[in-house]
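Okay, here's what each chain looks like letter by letter:
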Amino acid sequence: MNKELYQPLIFELSHDGRRGYSLPEYQYEDCGYEIPPQLRRSEKLSLPQVDEPTVVRHYTNSSNNNFGVDTGFYPLGSCTMKYNPKANEAMVARAGVADLHPYQPASTVQGALRIYRTLEKALSEIGGMAEFTLNPFAGAHGEYTGLMVIRQYHLSRADEARTRVIVPDSAHGTNPASAHMAGFEIVEVKSLPDGTVDVEDLRSKLDETVAAVMMTNPNTVGMFEKNIPEIAEAVHAAGALLYYDGANLNPMLGVARPGDMGFDVMHINLHKTFSTPHGGGGPGAGPVGVRAGLEKFLPNPRVVENADGSLGVEFGEDSFGQVSAWLGNFTVLIKALSYILTLGAEGIAKVGPLATLNANYIMNSLNDLYLQPIAGPCKHEFVFDGLKDKSTGVTTLEIAKSLLDYGFHAPTIYFPLLFHESIMIEPTETETPETLDAFIATMRKIAEEAISEPDKIKNAPYSTPISHPDEDEAALNPVITYADLCK
Amino acid sequence: MAAENYLPHTAADIDRMLKRCGAEKLDDLYSDVPEQLRLKCPYKLPKGISEPELTRYFDAIAAENKPLRCFAGAGFYHHYTPAAIPALMSRSEFYTAYTPYQPEISQGTLQYIFEYQSMMCALTGLDVSNASMYDGATATAEAVLMAVSASKKKKRVLISATLAPAVATVIGTYAKGAGIIVETIPDDRGETSKREFEEMMGAGDVAAVVVASPNYFGILEDYSGFADICHRCKAYFIVNSHASALGSVRTPAEWGADIACGEAQSLGMPLNFGGPYLGYLCCTKALMRKMPGRIVGATTDRDGKRSFVLTLQAREQHIRRQKATSNICSNQGIMTLHAAIYLSLMGAEGLAKVNELSAEAAHSLARKLCDTGKVRIKYPDKPYLNEFVLEIADQKLSSDKIIEAAAANGILAGVKLTENDLLVCATEMCSPDDIEQYAVMLKSL
């Protein structure tokens, strides 16, 4: 990265009369039309006027101010930043879907529908579920979809008193937010000191008003909820359903399936576990799986098999509704299928244990300098509660910023909320031991300098395209468009 | 082994690493997973395949897909994708990054989102844009939730019958959880009935009104007076549009809208059988703190250098949990890059030209198809841009018959509305020859 390279906005490169488009000069016959004046745009449209080379150089330089998984190690806890195979990207181009309109006759999109169906079946096998919908666009969207399935299930039984959803206090913020959007009241259940759900507290909250219990397993501190059989039994005995937040599915690949753990509904983040890129914040995909008996409540449209073996698209009557105009972020589905086909049954089964090995290796290489609040082994990720020696006051934020100078992305910080100085590290299985060793050496150096030269750590980063930005100012006086900036 | 190019560990690596962990075998790291839950047999999935085999697999899939010369729209349009866009979007510094939580090493992402927000505000005429929603349907549903939340106790929302059915259905779905009552304003010959609208507003308990421009039938409706009536009744006025049209038609701000939303796929995004697309959501400054999703703002760093950061995060789920404006977090990030590059390349002039070519192609097509005597324009006195409804005049024909026969000829004739009505569109991708071929095909039926 070139720290000195000043990157203007595309608007600042605009020059009247320049253009970057190439369009045909078709002469259509009998094509006269006029937009009536009151229906026309009258305000001048202020877009940049730039030529194509300028646009290409602008965004290429801009990309140099970014850090992706391809740039370096990205141990962002809870986000599963594994390598995004290039074959996945290439298969999108090969699958012949670029020019398929969603509303084409089914007979002309059999290949696309086969991709959907094949992935749906593979995810059902991996999740231990009866059926999946691939329509939801993201993890949070999947949570919402799953909760709407649960809502519809209870309503179909005229069980209208079930208005509450139980969520552990360690859950991702999306869990309560999704439950709220689906119309539920949120009840929090406590965590024990080891980060797992307090089963007694959970039992005391289960009654005929509870629609579902949402769990992440392994949970957000990277621990397996070993009481899950007992929890599933209690939840089902109370007439509620058990929801699996698939954010942390990666370490379970090859080890155990949510369906076998007693979960009724689950979502999977294809952009985490199944290697599709995060795109700087999307598009992802959050397919939702359900156990047998709940399939009919899944959202429309559905891909179905016709009697003659061909595939079709249907709108079912028992569905809770629709969460997307069509069948989801389709090219993301292609990438996930490509990954599953490449790894195959045996390859997928290796993913979980290797992700877990990488995490435990880092944890055991650093827990003499960083405070490990929960005894291991961890699963795919773990949490440190800051430095063991906090005497110089160096914080988790400062440690994270310091890492940026060494070519590493920062871990997730200040989540989960269970600890004051949470640093959450998730290496994923695609990192080599050498990369982990380099990261470990850097973390040790930072821990040592935090004591010997605390000011050095407190003022980091030094080598990034910008130094610490003033976020309070940004929120206090929002400047959110180029027009604001020009004021 | 097919997976090994992604899984670097050798047997020696694993042994060395296990030692550091005080474990003997990988299984020891899972001692907390009860035996009865363990996967007993391997996944019932095929064996992994190599890259050459993978390409054969997807080539076979591609052979089962038949791209057609596209005269279908219904919210999703076949526009040209400038070659520079896929080239730039394949920069893996962009597409392999996460949400820009670390601004120091995410200025690339943050800057293009800021540019995107600026461009969407320019297009819609409103003050604030978020950093994207999943698609046009969910963006419109979130617009409704946002308006209802801003209007405190009112729970009744009116949506026009001229909205796309998929958008209306998604609004209906999202309304269930929020306890919102959605009522449809009937249409009057392809347009929102103003008389019914005024009557339905009478009770004074409406939180928001949603209309479309252009509407589902391609018609450019005249919404003069709608915003005034809404605002007099303290209801928010929401205008749904597909983004490229806004380069030429009266903007949501010019109609007096408080919120503009819809599908941005028409900004040259490949059809890709339904996605990924891009929902946009813009609003007035007054509603800014009710906005769901990410927003990027400008600030300065310690050295006084202009910098971009995620801002106004107190609205969001990772801070507010169930009290957040929405559960949405990361959404369609890289598609905002697509939109920003597209709008940079096209500029106002290119966008107007795309609309002009599309409108000319559509009007030429409409006349040529009507000249066959098999169909007629259903709403002949209504102005439209690139899309229109055909009514089938020939008793022997139906929407399905036309679509089927056209598909056999490599043409996507349109989208079926009813047995007798077909929604047809054209863009700059339709040459005069393509139009001629469609007309000849129809005539032969």
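Residues numbered from 1 in each chain as written. Chains lettered and ligands numbered in written order. Predicted model: local features only at pLDDT ≥ 70, side-chain atom pairs only at ≥ 80, totals over all residues.

### Some points on the overall build of chain A
Here comes step 1: Within chain A, the secondary structure is distributed over 14 helices and 12 strands.
Here comes step 2: Here chain A has a C-alpha radius of gyration of 25 Å; the compact-globule value for 487 residues is 23 Å, and the two agree.
Here comes step 3: With respect to the three principal axes, the spread of C-alpha positions in chain A is 75 × 65 × 45 Å.
Here comes step 4: In chain A, which comprises 487 residues, the share counted as buried stands at 60%.
Here comes step 5: Look at the contacts in chain A between residues 6 or more apart in sequence, and 72% of them connect residues 24 or more apart. (Helix = DSSP H or I, 4+ residues; strand = E, 2+ residues; numbered from the N terminus. Rg over C-alpha atoms; globule rule 2.2 N^0.38 Å. Buried ≥ 20, exposed ≤ 12 C-beta atoms within 10 Å, placed from the backbone. Contact = placed C-beta atoms within 7 Å.)

### Focus: the overall build of chain B
Here comes step 1: A count of helical and extended segments in chain B gives 13 helices and 17 strands.
Here comes step 2: The 445 residues of chain B split such that 60% are buried.
Here comes step 3: A separation of at least 24 residues holds for 72% of the contacts in chain B among residues at least 6 apart in sequence.

### As for the packing of helix H2 (residues 86-94) of chain A against helix H2 (residues 51-63) of chain B
Here comes step 1: Close contact between H2 of chain A and H2 of chain B brings their axes to 9 Å; oriented N to C, the two are set at 25 degrees. Between H2 of chain A and H2 of chain B, the angle falls in the class roughly parallel. Considering only the axes of H2 of chain A and H2 of chain B, their crossing is right-handed. Together, Ala87, Met91 and Arg94 of chain A of H2 of chain A and Glu51, Leu54, Thr55, Phe58, Asp59 and Ala62 of chain B of H2 of chain B make up the contact between the two elements. (Axes fitted to C-alpha atoms, helices over the stretch in contact; angles between N-to-C directions. Parallel < 35°, antiparallel > 145°, perpendicular 65-115°, else oblique. Left-handed = near helix turned anticlockwise from the far one by under 90°.)

### Some details on the nonpolar core
Here comes step 1: Ranked by internal contacts, the top residues of the largest apolar core, which has 308 residues, are Val144, Ala208 and Ile238 of chain B.
Here comes step 2: Considering every element that reaches this core, the biggest residue donor is helix H9 (residues 330-366) of chain A, with 20 residues.
Here comes step 3: Excluding anything up to four places from it in sequence, Val144 of chain B contacts Val157, Ile171, Tyr174, Ala175, Ile180, Ala208, Val210 and Ile238 of chain B. (Core = buried A, V, L, I, M, F, W, Y, C linked by C-beta atoms within 7 Å.)

### Structural notes on the pairing of strand S4 (residues 181-185) of chain B
As a general feature of sheets, a regular strand has side chains that alternate between the two faces.
Here comes step 1: Here 5 bridges tie strand S3 (residues 156-160) of chain B to S4 of chain B, and the two strands are oriented parallel to one another. Each residue of the ladder has a partner; that of Val157 of chain B, found in S4 of chain B, is Val182 of chain B. (Pairing = 2+ DSSP bridges.)

### Digging into the sheet that holds strand S11 (residues 412-413) of chain A
All names here are of chain A.
Here comes step 1: Across the sheet, which stays open at both edges, the 3 strands sit in the order S10-S12-S11 with antiparallel pairing between neighbours. Edge positions in the sheet fall to strand S10 (382-385) and S11, since each of these pairs with one other strand and no more.
Here comes step 2: Pairing analysis gives 2 bridges linking S11 to strand S12 (residues 422-425), with the strands arranged antiparallel. From the neighbouring strand, Thr412 faces S12, where its bridge partner is Met424.

### Focus: the domain arrangement of chain A
Residues and elements named next belong to chain A.
Here comes step 1: The domain architecture assigned to chain A consists of domain 1 (10-63), domain 2 (86-342) and domain 3 (346-472).
Here comes step 2: Distance between the C-alpha centres of domain 2 and domain 3: 30 Å.
Here comes step 3: Taken together, the contact between domain 2 and domain 3 spans 19 residues of the former and 18 residues of the latter.
Here comes step 4: Taken together, the residues that form the side of domain 2 that touches domain 3 break down as 10 nonpolar, 8 polar and 1 charged. (Domains from an automatic or database assignment. Nonpolar A, V, L, I, M, F, W, Y, C, P; charged D, E, K, R; others polar.)

### Digging into the sheet that holds strand S10 (residues 279-283) of chain B
Residue and element names in this part refer to chain B.
Here comes step 1: Ordered in space as S2-S10-S9-S8-S7-S3-S4, the 7 strands form an open sheet in which the pairing is mixed. The outermost strands of the open sheet, each flanked by one partner alone, are strand S2 (128-129) and S4.
Here comes step 2: Contacting S3, S4 and strand S7 (206-212), helix H8 (residues 194-201) crosses the sheet at an angle of about 150 degrees to S4.

### Examining the environment of Thr395 of chain A
All names here are of chain A.
Here comes step 1: Structurally, the position occupied by Thr395 is in the loop between S10 and helix H10 (396-404).
Here comes step 2: Among the residues examined, Thr395 registers 18 C-beta atoms within 10 Å and is labelled partly exposed.
Here comes step 3: Along the chain, Thr395 and His172 lie 223 residues apart, while their C-alpha atoms are 22 Å from each other.
Here comes step 4: Each residue touching Thr395, except ones within four places of it in the same chain, is listed here: Gly386 and Glu421.

### What about the environment of Val182 of chain B?
All names here are of chain B.
Here comes step 1: Note that Val182 resides in strand S4.
Here comes step 2: Classification of Val182 as partly exposed rests on a count of 19 C-beta atoms within 10 Å.
Here comes step 3: Val182 sits 148 residues away from Ser330 along the chain, and the two C-alpha atoms are 28 Å apart.
Here comes step 4: In this view, Val182 contacts Val157, Ile159, Ile171, Gly172 and Ala175; residues no more than four positions away in its chain are not counted.

### Concerning helix H12 (residues 399-408) of chain B
Residue and element names in this part refer to chain B.
Here comes step 1: For H12, every residue scored as buried is listed here: Ser399, Ile402, Ile403 and Ala406. Taken end-on, H12 shows its buried residues confined to a sector of 95 degrees, consistent with a single buried face.
Here comes step 2: Those residues of H12 that are buried are in contact with strand S14 (387-392), strand S15 (411-412), strand S16 (415-416), strand S17 (421-425) and helix H13 (432-443).
Here comes step 3: Taken from the residues just after H12, Gly410 is the one with a positive phi, measuring 75 degrees. (Arc of directions from axis to C-beta.)

### A word on the pairing of strand S9 (residues 311-314) of chain A
Residue and element names in this part refer to chain A.
Here comes step 1: Note: strand S8 (residues 302-305) against S9, 4 bridges, orientation antiparallel. Paired with Glu305 across the bridge in S9 is Leu311.
Here comes step 2: Connecting S8 to the antiparallel partner S9 that follows it, the hairpin turn spans 5 residues, and Gly309 within it adopts a positive phi of roughly 90 degrees.

### Some details on the domain arrangement of chain B
Interfaces are often sized by the accessible area lost when the parts come together.
All names here are of chain B.
Here comes step 1: Each assigned domain of chain B is listed here: domain 1 (69-79 + 347-443) and domain 2 (84-341).
Here comes step 2: A C-alpha centroid distance of 28 Å is found between domain 1 and domain 2.
Here comes step 3: Of the residues lining the interface, 23 residues belong to domain 1; the matching set on domain 2 comes to 22 residues.
Here comes step 4: Going through the elements one at a time, helix H11 (333-371), S14 and S17 are the ones with two or more residues in the side of domain 1 that touches domain 2.
Here comes step 5: Broken down by element, the residue count for the side of domain 1 that touches domain 2 peaks at 5 residues, all from H11.
Here comes step 6: Looking at side-chain class alone, the side of domain 1 that touches domain 2 contains 15 nonpolar, 5 polar and 3 charged residues.

### Notes on the confidence of the model for chain B
Here comes step 1: Residues at a pLDDT of 70 or more form 100% of chain B, whose mean pLDDT is 96.
Here comes step 2: Model confidence for the complex: the whole-complex pTM is 0.97, and ipTM, which rates the interface, is 0.97. (pLDDT = per-residue confidence, 0-100.)

### Observations regarding helix H6 (residues 136-150) of chain B
All names here are of chain B.
Here comes step 1: Taking 1.5 Å per residue as the helical rise, H6 with its 15 residues ought to reach 21 Å, and the 21 Å between its terminal C-alpha atoms agrees with that figure.
Here comes step 2: Counting buried positions along H6 gives 13 out of 15 residues, so the element sits mostly inside the fold.
Here comes step 3: Among the residues trailing H6, Lys152 stands out with phi positive, at a value near 60 degrees. (Expected span 1.5 Å × (residues − 1).)

### Some points on the packing of helix H3 (residues 110-127) of chain A against H9 of chain A
The description of two helices packed together rests on the angle between their axes and the distance between the axes.
Residues and elements named next belong to chain A.
Here comes step 1: For the pair H3 and H9, interaxial distance at closest approach is 10 Å and the crossing angle is 45 degrees. The angle between the axes of H3 and H9 places the two elements in the oblique class. For the pair H3 and H9, the sense of crossing is left-handed. The segment H3 lies against H9, with Ile115, Tyr116, Thr118, Leu119, Ala122 and Ile126 engaging Leu333, Ile334, Ala336, Leu337, Ile340 and Ile348.
Here comes step 2: A class-by-class count of the residues in the contact of H3 with H9 yields 11 nonpolar, 1 polar and no charged.

### What about the environment of Ala150 of chain B?
Residue and element names in this part refer to chain B.
Here comes step 1: Tracing the sequence through the fold places Ala150 in helix H6.
Here comes step 2: For Ala150, a count of 19 C-beta atoms within 10 Å puts it in the partly exposed group.
Here comes step 3: Once the C-alpha coordinates of Ala150 and Ala207 are considered, the two residues, 57 residues apart in sequence, prove to be 8.6 Å apart.
Here comes step 4: Among all residues touching Ala150, those that are not within four sequence positions of it are Tyr236, Leu287 and Lys290.

### A look at unusual backbone geometry
Here comes step 1: Cis rather than trans, the peptide bond between Asn217 of chain A and Pro218 of chain A has omega equal to 0 degrees.
Here comes step 2: Secondary-structure assignment places Pro218 of chain A in the loop between strand S4 (210-216) and helix H7 (228-237).
Here comes step 3: Note that the residue after Gly275 of chain B, namely Pro276 of chain B, is joined by a cis bond; omega there is 5 degrees.
Here comes step 4: Tracing the backbone shows Pro276 of chain B in the loop between strand S9 (259-263) and S10.

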